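Notes for the structure review
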Amino acid sequence: MGRWLCNQGRPTYLSRLITRLRRRYPLRPPHLFWVAMRSVGCSSVLLMMLYPWVENQGLTEPLELAIVDYWVTRQPDPPPDPRFLIVTITEADIRQYGWPISNDDLAAALATIQQYQPRVVGLDLYRNLPSTADHEALARQLQASNLIAIEEIVSNIPPPPHVPPERVGFNDFTLDHDGVIRRLLLLVGDEEQSYYSFALRVSLAYLKEEADLNRDRLWINSVPFPRLTPQAGGYQRADTRGYQIFFNYHSHQDFAPTISLASVLAGELTAEQVRDKIVLIGSVAPSLKDLFLTPYSRYTDTLQLPGVILHGQGVRQVVAVALGEERLFRFWPRKAEWLWLGVWTIIGGAIAWQVRHPLILGGVVLCGGAVMITTAGLLWQINLWIPLVPPLLSFAIAVVLAMAHRLLYTTNHDSLTGLPNQRSFISRLTPHRGRGGGKTVIFLELDRFSWIRNSIGEQGGDQLLQAVMSRLQTALPRGAILARLGGDNVAIALPQTDHESVVALAEHCQTSLSRPLHLNSGQPISLTATLGIAIPEPHHIHHPENLLRDAQTAMYRARSQGLGHYEIFATGMLTASLEQFNLEQEMRQAIAAAEFILYYQPIIHLETSEIIGFEALIRWQHPQQGFISPGVFIPLAEETGLIIPLGDWICQEAIAQVYQWQQQFPHRSLTVSINLSGRQFEQADFGEKLTQFITSSGVDPQGIKFEITESIVMGNVEAAIDLMLRIKSLGCRISLDDFGTGYSSLSQLRRLLLDTLKVDQSFVRSLGDSREDLAIVEMVINLSHILGIEVIAEGVETEPDAALLRSLHCDFGQGYLWDKPLPATVATTRLEQDMRIEPG
């Protein structure tokens, strides 16, 4: 697997392009998609449930109507409609003729108009005439078949008695809650008995048509006029009794030619102005207070429009629609409005989940609002009114709700896997009092995951973690809680507290992870895991933090025994863990305080008994505890990463000592072996560090030998060979330590650039008692010599062992037979006193 991980073929252009796109636009982990969908779905359902209440309260209707008024005022005024003539009674007319206008003056005006044969005359004046001879002239004019009179039903003002009911219409103004006229009432009643509005009567008289009432539609000239509903468009609680339509204003004031009453009576009226047209007569004088609020009142200088102008605009709309010149305002059905609302709610939630940068999110939200407003505005231009404020609010609220849910989710869940994080995991480990002892906690750490992640890349490492979590979820029983604490650390909470079940589950998890995992690349990857288990004691209160701490402590104890082990927490582990923690803190202080020193154990030429070099061994002179064994603090340094600064110090100190001996004993070919750790080997800049250490010291690199172990080399052969080439290029030597204790193969040994091979002391100490160990040592020595590699035997403590090694033609020996590790000053004295060291 190592070769596959590190020696990929040359990527194609397409693969490089895909890799760059993935790095620039990383996809959200799959679990986030479903979490986002649940979040968006919940937000949408909540808002859709609240919307009926908002409608019933009419909370957004004022904003909707304000937007409609703005759109109405933004429409350009078309030319005056030539089918109309408005005879206005102005303030000047009232001053000249008085008010009310006398019957004779009104009769004279009607007679003047009728002589030019208008198609219909609409009298927008209330006039109740008694049956006397003084009023006969006006009565004759009111009996004209093309004259339509008006009545006020609410104020109980009847029409003139001489006008038959079929030529009388009621005042058709309907006010919204804000007092603005936006609806036109055409008819009240049913198919059996109906009451027509003034505008509808005038329109029918002009069209010479009859209105056909059929269910919810009013038909005029075969054109349907659907009735307005209470929730049409942006309305939410409009009183739409009767047959109403939405008022489509033609212009803000002069929608048709006008002429004053005085001009009519003065004979200034012409036939072209009247013939075959609709003539409306009404007051426009402000003093009569026949003025009404319109959409123009909010945004223009036209505060109010006279009633006759509004009636005229209503007649114009009905006539234009009946003749097919324009369309009535249409409205989406309720299902379409709910879909419109729901879509934008979903979009808002999705945007909040996908976009993380606040400025970009704000820009996208503004763009979404602009799209909604633009869409609604364009549809308004084709006489389609859709609600705008509810989707805008739903969109914004969905964004806020989704952001809040995302914040809550990311606070309590791991962003990569979607599992609970440490905070959420601890909150779910609720302490149990009384009989309950809490939940069993397993702390799991993947073995050598950092090395695997470096080999397959960051994206591959993320995919591997997701696959591992998925594998663990399928392996765990119902009721178990799986959480990712960070990196490759995983925590599991189990309801089971019996020893056998927990151990069986731990072994099942290890077995499950050992099965190969197949990533997108198709290469199988097998993993092992180290587990720590904390089983709560019955009848005790266990705090979640303590359970997790105990499980982690047990995991550290299991890891000290090797990879792929598990351990159950015991009370003594906590004490050891605290001691280890204190030791770590003291190590950090010791590095700064220079409490570490190097000792040098001689390496002896077995034939001449001459000192040919030393192995540099670190010692810790603790100010209170004295010397602390390297077997205690070296593993801790490896685990905590302190081995990096400690190893750098060892290299610099040993190289400086080599330089000193080279200067003091220029004719001695001494070498000093420096041990390298696996953590140092993993550093990308380690080669540069060695180069700097050697070049800056001025030492002859032939006197430096770096020792590496089998496990370091075999963990990643290709990377090890690369670094070994770098070391050899510096002129240094390389030694393979503890040979025979690992899993190196002869084929790999042949590829390594070794100068020396060290036989592990476990074989050397039993040479005289074990024929198998003797055969192994003899084979290793012969093989090394064939490959041109020198051999050092470690742990030589007796003269018979040294003699046996000489008979096997072993090159060098190292052990207490000659000397224990010595301080640098003592080692220097030994070199000065005698060029040979006799055994003893």
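Data block above holds the structure.
Since we're looking at a predicted model, the values are computed, not measured. (Residues numbered from 1 in each chain as written. Predicted model: local features only at pLDDT ≥ 70, side-chain atom pairs only at ≥ 80, totals over all residues. Heavy atoms only, no water.)

**Points about the overall build of the protein**
- When helices and strands are counted, the protein shows 31 helices and 34 strands.
- Of all 840 residues assigned to the protein, the portion counted as buried reaches 50%.
- Considering only contacts within the protein whose residues lie at least 6 apart along the sequence, 71% involve residues at least 24 apart.
- Counting only carbon and sulfur atoms, one obtains 54% of the accessible surface of the protein, whose full area is about 40,000 Å². (Helix = DSSP H or I, 4+ residues; strand = E, 2+ residues; numbered from the N terminus. Buried < 20%, exposed > 50% of the residue type's maximum accessible area, 1.4 Å probe, protein only. Contact = heavy atoms within 4.5 Å. Areas by Shrake-Rupley, 256 points an atom, 1.4 Å probe, with all protein chains shown as cover.)

**Thoughts on helix α18 (residues 499–514)**
- With 16 residues, α18 should reach 22 Å at 1.5 Å per residue; the first-to-last C-alpha distance of 23 Å fits that figure.
- Of all the residues in α18, the buried ones are Val502, Val503, Leu505, Ala506, Cys509, Gln510, Ser512 and Leu513.
- Elements in contact with the buried residues of α18: β18 (440–446), α17 (449–475), β20 (489–494), β23 (529–534) and β24 (566–568). (Expected span 1.5 Å × (residues − 1).)

**Topic: the pattern of salt bridges**
- Tallying each qualifying case throughout the model produces 25 salt bridges.
- Residues Arg83 and Glu325 are paired through a salt bridge, measuring 2.8 Å at the closest nitrogen-oxygen approach. Placement of Arg83 in the loop between α4 (61–74) and β1 (84–89) and of Glu325 in the loop between α12 (307–322) and β16 (330–331) is noted, with a sequence separation of 242 residues between them.
- Since its relative accessible area comes to 17%, Arg83 is described here as buried.
- Here Arg549 and Asp550 are joined by a salt bridge, their closest N and O atoms 3.2 Å apart.
- Residue Asp550 is classed as buried on the basis of its relative accessible area of 12%. (Salt bridge = Lys/Arg side-chain N within 4 Å of Asp/Glu carboxyl O.)

**Here we look at the packing of α4 against helix α14 (residues 358–381)**
- For the pair α4 and α14, the least separation of the axes is 11 Å and the interaxial angle reads 55°. Judged by the inter-axis angle, α4 sits oblique to α14. For α4 against α14, the interelement crossing comes out right-handed. Where α4 approaches α14, its residues Val68, Trp71 and Val72 are matched on the opposing element by Ile373, Ala376, Gly377 and Trp380.
- Among the residues making up the contact of α4 with α14, the classes are represented as six nonpolar, one polar and no charged. (Axes fitted to C-alpha atoms, helices over the stretch in contact; angles between N-to-C directions. Parallel < 35°, antiparallel > 145°, perpendicular 65-115°, else oblique. Left-handed = near helix turned anticlockwise from the far one by under 90°. Nonpolar A, V, L, I, M, F, W, Y, C, P; charged D, E, K, R; others polar.)

**Topic: the side chain of Asp176**
- As for its position among the elements, Asp176 is in the loop between β5 (173–175) and β6 (181–189).
- Apart from the residues lying within four places of it in its own chain, the contact partners of Asp176 are Leu65, Arg182, Arg183 and Tyr235.

**A short note on the sheet that holds β20**
- Reading across the sheet, the five strands line up as β19-β20-β18-β23-β24 and stay open at both edges, with mixed pairing between neighbours. Every other strand in the sheet has two partners, leaving β19 (481–486) and β24 as the edge strands with one partner each. Within the sheet, the average angular offset between the axes of one strand and its neighbour, ignoring direction, is 20°.
- Here five bridges tie β19 to β20, and the two strands are oriented antiparallel to one another. (Pairing = 2+ DSSP bridges.)

**A short note on the nonpolar core**
- Core analysis: the biggest nonpolar cluster contains 77 residues, and Met587, Tyr600, Trp661, Ile704, Phe706 and Leu805 have the highest contact counts within it.
- For this core, the leading source of residues is helix α22 (residues 643–664), giving nine residues.
- Beyond its immediate chain neighbours, meaning those up to four positions away, Phe706 contacts Cys651, Ile674, Leu676, Leu690, Ile727, Cys732, Arg733, Ile734 and Ser735.
- Residues Ile148, Ile150, Phe292 and Ile309 belong to the second largest nonpolar core, which totals 68 residues. (Core = buried A, V, L, I, M, F, W, Y, C linked by side-chain atoms within 4.5 Å.)

**A look at the sheet that holds strand β4 (residues 168–170)**
- With parallel pairing, six strands are arranged side by side in an open sheet as β4-β3-β2-β13-β1-β12. The sheet terminates laterally at β4 and β12 (258–260), the two strands that pair on one side only. The average angle at which neighbouring strand axes cross in this sheet is 25°, direction not considered.
- Along the sheet, helix α6 (residues 103–114) makes contact with β1, β2 (120–123), β3 (147–151) and β13 (278–283), crossing β2 at roughly 160°.

**Comments concerning the packing of α17 against α18**
- Packing of α17 against α18 brings their axes to within 10 Å, and their N-to-C directions diverge by 140°. As far as their axial angle goes, α18 and α17 are oblique. In this structure, α17 crosses over α18, and the sense of that crossing is right-handed. Where α17 approaches α18, its residues Val468, Arg471, Leu472 and Ala475 are matched on the opposing element by Leu505, His508, Cys509, Ser512 and Leu513.

**Notes on the environment of Glu445**
- In this fold, Glu445 is placed in strand β18.
- Under the relative-accessibility criterion, Glu445 is labelled buried at 11%.
- The sequence separation of Glu445 and Thr530 amounts to 85 residues, and the corresponding C-alpha distance is 5.4 Å.
- Beyond its immediate stretch of four places on either side in the chain, Glu445 contacts Asp488, Asn489, Ala529, Thr530, Met555 and Arg559.
- A polar side-chain atom of Glu445 sits 2.2 Å from a polar atom in the side chain of Arg559. (Polar contact = N/O pair within 3.5 Å; in protein donor to acceptor, adjacent residues only side chain to side chain.)

**A few points about unusual backbone geometry**
- Of note, the amide linkage connecting Trp99 to Pro100 takes the cis form, showing an omega dihedral of 0°.
- Examined against the element boundaries, Pro100 turns out to sit in the loop between α5 (91–97) and α6.
- At Gln117, a position not held by glycine, the phi torsion is positive, near 60°.
- In this structure, Gln117 sits in the loop between α6 and β2.
- Residue class for Gln117 comes out exposed when judged on its relative accessible area of 54%.

Purely geometric stuff here, so don't read any function into it on its own.
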